[in-house]
Amino acid sequence: MATLYHYCSTETFAAIVNAKKIRLSSLNLSNDTMEGKLASQILQEMASARKCSLEVFSKLKSAMGYVESILHGFGFCLSSEGDLLSQWRGYADDAHGISIGFDQGALTNLGGADLCQVEYSRGTQEEMLAPFLDAVLSDEKADLVDLVANVVDKLFLMKSAAFSEEKEWRLLTSSSLVIGGWAIHARRSSLVPFRELGINDGDITHVILGPKHQTPNDVVQRTLLLHGFRGVTVSRSKATYR
């Protein structure tokens, strides 16, 4: 089974190993300002190209805006590549951190969230949204908020092609914050909602230490063993960055 990698700071690595839990953080507050909103933009452009009525266009925009305002995507972000310099710099404390390799099958079976691959191709994104737009245009009097429920699961699976190098996968769930079941952690300028999922001893299979990380491999190996993670390969990044 394939390995998917989560880039993080050394502190986050320690927290995951110590608690045997991962955090699915609010994607709405990620570094991509279009997170959860790209689908709406694409739908509006598709509707305009199909020359839908002004009334339907307005209802579509309003319905999508409503869903975006109440829905939070909670995601644990991963990559199919475990040693990318751009990922080290952007998500692992400027390469001081660690890339944690998880067994893809184990993540699929965790429960509480779905493992999904992010789609960057505009053509494929339009194919994903076309059935929803077809339903809207076939019945202009339909309640669009109800119809939008059919596209909710796709809102956090689409990103601009500018991010395609990340080759991202996500453990993903979404809901309104009104429902509860979440906590917050603090960043420099924001409070970020998150949900936790427990992980098992065999879920971590590979750990890559960042280009600037200084812990000796054997110390990392013994730390993993101490917390029940056996058979984990520990290696160092091949990126020459300092």
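Use the structure listed above.
Residues numbered from 1 in each chain as written. Predicted model: local features only at pLDDT ≥ 70, side-chain atom pairs only at ≥ 80, totals over all residues. Heavy atoms only, no water.

**Description of a nonpolar patch on the surface**
A cluster of nonpolar side chains, contributed by Trp-182, Ile-184 and Leu-191, occupies part of the molecular surface with about 290 Å² of accessible area. Structurally, the position occupied by Ile-184 is in strand E7 (residues 183–186). (Patch = residues over 30% accessible without salt bridge, like charges linked within 9 Å, V, L, I, M, F, W, Y side chains within 5 Å. Areas by Shrake-Rupley, 256 points an atom, 1.4 Å probe, with all protein chains shown as cover. Salt bridge = Lys/Arg side-chain N within 4 Å of Asp/Glu carboxyl O. Helix = DSSP H or I, 4+ residues; strand = E, 2+ residues; numbered from the N terminus.)

**Quick notes on the packing of aromatic side chains**
All told, the structure shown has two aromatic pairs when counted by the stated rule. An angle of 80 degrees between the planes, with centres 5.1 Å apart, marks the rings of Tyr-7 and Trp-88 as edge-to-face. You can see Tyr-7 sitting in strand E1 (residues 3–8) and its partner Trp-88 sitting in helix H4 (residues 85–91), a full 81 residues away along the chain. We note that Tyr-7, like Trp-88, is buried. Taking the centre distance of 5.6 Å and the plane angle of 85 degrees together, the rings of Phe-76 and Phe-102 count as edge-to-face. One end of the pair, Phe-76, is in strand E3 (residues 71–79); the other, Phe-102, is in strand E4 (residues 98–103), and 26 residues separate them in sequence. Taking the relative accessible area as the measure of exposure, Phe-76 reaches 2% and is therefore buried. Just above the ring of Phe-229 sits the side chain of Lys-20; from NZ or CZ to the centre is 5.3 Å. (Phe/Tyr/Trp six-rings, centres within 6.5 Å; stacked < 30°, edge-to-face > 60°. Buried < 20%, exposed > 50% of the residue type's maximum accessible area, 1.4 Å probe, protein only. Lys NZ or Arg CZ within 6 Å of the ring centre and 35° of its normal.)

**Digging into helix H1 (residues 10–19)**
Three or four residues apart is the spacing at which side chains of an α-helix point the same way, because the helix has 3.6 residues per turn. Residues of H1 that are buried: Phe-13, Ile-16 and Val-17. Angularly, the buried residues of H1 cover 95 degrees about the axis, an arc narrow enough to put them on a single face. Along H1, exposed side chains directed more than 90 degrees from the buried face belong to Glu-11 and Asn-18. If you follow the buried residues of H1, they end up packed against E1, strand E2 (21–26), E3, E4, strand E9 (204–209) and helix H8 (217–226). One or two steps after H1, the chain reaches Lys-20, where phi turns positive at roughly 55 degrees. (Arc of directions from axis to C-beta. Contact = heavy atoms within 4.5 Å.)

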